[in-house]
Amino acid sequence: MTLKTRLFDLAKPAIFALDPETGHRLAIRGLKSMRPLIAASADTSPGKLASTVAGLTFPNPVGVAAGFDKDAEVPDALLGLGFGFTEVGSITPLPQAGNPRPRLFRLTGDDAVINRMGFNNAGAETALARLDARKDRGGVVGVNIGANKDSPDRSADYALMAKTMAPVADYLAINVSSPNTPGLRALQDESALADLIDGVISARDEAGLDGPPPIFLKVAPDLEPADIDAISRIALDKGLSALIVSNTTISRPALTSHHAGEVGGLSGAPLRNLALERLRDFRKATGGAMPLIGVGGIASAEHAWERIRAGASLVQLYSAMVFHGPMLGSQIVSGLERLMTRDGFATIAEAVGSE
C-alpha cells in the first residue's frame, strides 16, 4: 500500500461525512492545489502497456471518464497520478447550473453512485481557456461535448461545441447518452443520430486544423439489440473513431442502499455486468472494426483486463475512485502489466477481444 493510498484511507471517513457533491469539490480543490507536484511526475512516454487507438498514442489504457473533471480544472493532475488519458466534461456551449441539489448520492453498501447532475458546468468559454493554456504539456485529454438543456436546437449545440473545442481536444466525445437531460437519449435514434454526427463532423472540419481530433460516441447501456445494430452501422458509415460503452444506467438491479430509489443514472459495481455485456454486443455488431472504450463498474485490474479481453482497447474509471481513492488508476495499471505477462501477451492490442 502506497503512502497516497494510506492517506486516502485515513481521509475517507471525513470525506464520506460530507454530502457527495461537497466531497467531490473538495477532491477537485485538493488535486488543483497539488497539481504542480503531481503533474511534474506524469509519464506520458510509451511503455509496456502503450497502444495506438484512433491515431493517438496512449501510454497505458486506463483513463478517467467524463464527469469527474467537468470544467477541465485538473487534467494534468490526473495524468500525473498515472492515468493514461482523461476526458473532461460534459461541456455545453453556455454555462448551466444543472438539476437541483441533492443530485449525487453514494450507495456505500453497493459500491455505487446515482447522479442526476444535468450537465452542470461553467460553459465552453471557461473550459476552452483552461485547455488552451495546457495544450502543449502533452498527455491525451479528450473533451466530452453536450447540449444545453433549454437549447432550441441541440444538434446545433453539438456542432458548435465540436468547432469550438477541436483546437484543444485530443479527441471529441459526443455525449447523447446521459439520462439526466430530458429528451437527450432520443438523439441516439437512427435518423437523429446520423444528422447529429454529420453536423459534428462538418463543424470540426470547419475549424481548419491540420490533423483534426477523432470523434468518439458515448452510448447508453439501456439499448435494445436493434438500437445497438443501428448505432454500430451509423458509427461505421460515418467514420467515427471509437465507441465509449457505456454511460450510466436507468435500470435498477438489486441494491441495499436507502438511496436506491433516487432518480438518475446508476454507476459503479451494479453497472459492471450490464456494461460488459453491452461491450460484447457492440464488439459483435461492429465486427471488431471499431475501437471500443469500456466504462462502467471497473474497480480492479481484473475488471479492466476482462473488459480488454472482451474487446475494449481502452477503459475508463470514475465511480470506483469514490470508494477506492485517486491512486486506483496506477494500481490497475500495475495489475494489468502482471496480467498481460501471465496470459502471454506482448501488447495490450494483442489482448483486445481475445476472449
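Model, not experiment: these values are computed from the prediction.

Participant: What am I meant to see in the nonpolar core here?
Facilitator: Nonpolar side chains tend to gather and get buried jointly when the protein is soluble and globular. Counting residues in each nonpolar core, the largest one holds 82 residues, and the members touching the most others are Tyr158, Met165 and Ile174. Residue contributions to this core peak at 7 residues, all from helix α6 (residues 190-206). One finds Leu56, Val140, Ala242 and Val295 within the second-largest nonpolar core, a separate group that totals 14 residues.

Participant: For this particular structure, what's the right way to read the packing of aromatic side chains?
Facilitator: One pair of aromatic rings is described through two measures. These are the centre distance and the angle between the planes. Taken as a whole and assessed by the stated rule, the structure comprises 5 aromatic pairs. Here tyrosine 171 and phenylalanine 216 contribute two aromatic rings whose centre-to-centre distance is 4.3 Å and whose plane-to-plane angle is 20 degrees, an arrangement assigned as stacked. In this pair, tyrosine 171 sits in strand β8 (residues 171-175) while phenylalanine 216 sits in strand β9 (residues 215-219), placing the two residues 45 residues apart along the sequence. On the basis of relative accessibility, which here comes to 0%, the residue phenylalanine 216 falls in the buried class. Here the aromatic rings of tryptophan 305 and phenylalanine 345 are separated by 5.9 Å at their centres, their planes lie at 70 degrees, and the arrangement is edge-to-face. Within this pair, whereas tryptophan 305 is found in helix α9 (residues 301-310), its partner phenylalanine 345 is found in the loop between α11 (328-342) and α12 (348-351), the two being separated by 40 residues in sequence.

Participant: How should the sheet that holds strand β11 (residues 265-268) be read in this particular structure?
Facilitator: Paired through backbone hydrogen bonds, the strands of a sheet run either parallel or antiparallel to each other. Here 3 strands make up an open sheet; going across it, the order is β5-β6-β11 and the pairing antiparallel. This sheet does not close on itself; its edge strands, each paired only once, are β5 (104-107) and β11. Taken over all neighbouring pairs, the strand axes of this sheet differ in orientation by 20 degrees on average, direction set aside.

Participant: Would you mind showing me how to read the pattern of salt bridges here?
Facilitator: Note that side chains of opposite charge can pair when their charged atoms are close. Taken as a whole, this structure holds 19 salt bridges when the rule is applied. Across the pair glutamate 21 and arginine 103 runs a salt bridge, and its minimum N-O distance is 2.7 Å. Residue glutamate 21 is located in helix α2 (residues 20-39), and its partner arginine 103 is located in the loop between β4 (85-91) and β5; the two are separated by 82 residues in the primary sequence. Using a relative accessible area of 10% as the deciding quantity, one classes glutamate 21 as buried. Aspartate 343 is paired through a salt bridge with arginine 309; the nearest N and O atoms lie 3.3 Å apart. Pair noted here: aspartate 343 is in the loop between α11 and α12 and arginine 309 is in helix α9, with a separation of 34 residues, a long-range link. Residue classification places arginine 309 among the partly exposed residues on the basis of a relative accessible area of 22%. Salt bridges linked by common partners bring Asp19, Glu21, Arg101 and Arg103 together as one network.

Participant: Looking at this structure, how should I read the pairing of β5?
Facilitator: Looking along a regular strand, one sees side chains alternate from face to face of the sheet. Side chains of β5 alternate between two faces, with Leu104 and Arg106 and Phe105 and Leu107 buried alike. As paired strands, β5 and strand β6 (residues 112-115) are joined by 4 bridges and run antiparallel to one another. Within β6, the position partnered with leucine 104 by the bridge is asparagine 115. Counting the residues between successive antiparallel strands, the hairpin from β5 to β6 contains 4 residues, one of them, aspartate 111, with a positive phi of roughly 50 degrees.

Participant: Any chance you could explain the sheet that holds strand β13 (residues 312-317) here in plain terms?
Facilitator: What the 8 strands build is a closed barrel, ordered β3-β4-β7-β8-β9-β10-β12-β13; its pairing is parallel. Averaged over all pairs of adjacent strands, the angle between their axes in this sheet comes to 25 degrees, without regard to strand direction.

Participant: I would appreciate a short explanation of the environment of arginine 134 in the present structure.
Facilitator: Residue position: arginine 134 is located in helix α4 (residues 124-134). For the pair arginine 134 and proline 75, spaced 59 residues apart in sequence, the C-alpha to C-alpha distance is 9.0 Å. Sequence-distant contacts of arginine 134, defined by excluding residues within four places in its chain, comprise Pro75, Asp76, Leu79, Gly139 and Val141.

Participant: For this particular structure, what's the right way to read α6?
Facilitator: Each α-helix winds once per 3.6 residues, and so residues spaced three or four apart point in a common direction. When the terminal C-alpha atoms of α6 are compared, their 25 Å separation across 17 residues agrees well with the 24 Å that a helix rising 1.5 Å per residue should span. Turning to α6, its buried residues number three or more, namely Leu193, Ala194, Leu196, Ile197, Val200, Ile201, Ala203 and Arg204. Turning to α6, the residues buried within the fold contact α5 (154-165), β8, β9 and α7 (225-238). Of the residues flanking the end of α6, it is glycine 208, one or two places downstream, whose phi is positive at about 70 degrees.

Participant: Which parts of the structure should I look at to understand the side chain of glutamate 21?
Facilitator: Within the structure, the side chain of glutamate 21 is placed 3.3 Å from the side chain of arginine 101, a separation counted as a polar contact. If we ignore the near neighbours within four places in the chain, the residues touching glutamate 21 are Arg101, Arg103, Leu104, Met117 and Asn120.

Participant: In this structure, what is going on with α7? I would like to understand it.
Facilitator: Taking 1.5 Å as the rise per residue, α7 with 14 residues should run 20 Å; its terminal C-alpha atoms sit 20 Å apart, in good agreement. All of the buried residues along α7 are Ile228, Ala230, Ile231, Ser232, Ile234 and Ala235. Against α6, β9, β10 (242-245) and α8 (272-286) lie the buried residues of α7. Glycine 239 sits one or two positions beyond α7 and adopts a positive phi of about 75 degrees.

Rules and cut-offs
Residues numbered from 1 in each chain as written. Predicted model: local features only at pLDDT ≥ 70, side-chain atom pairs only at ≥ 80, totals over all residues. Heavy atoms only, no water. Core = buried A, V, L, I, M, F, W, Y, C linked by side-chain atoms within 4.5 Å. Buried < 20%, exposed > 50% of the residue type's maximum accessible area, 1.4 Å probe, protein only. Helix = DSSP H or I, 4+ residues; strand = E, 2+ residues; numbered from the N terminus. Phe/Tyr/Trp six-rings, centres within 6.5 Å; stacked < 30°, edge-to-face > 60°. Pairing = 2+ DSSP bridges. Axes fitted to C-alpha atoms, helices over the stretch in contact; angles between N-to-C directions. Salt bridge = Lys/Arg side-chain N within 4 Å of Asp/Glu carboxyl O. Contact = heavy atoms within 4.5 Å. Expected span 1.5 Å × (residues − 1). Polar contact = N/O pair within 3.5 Å; in protein donor to acceptor, adjacent residues only side chain to side chain.

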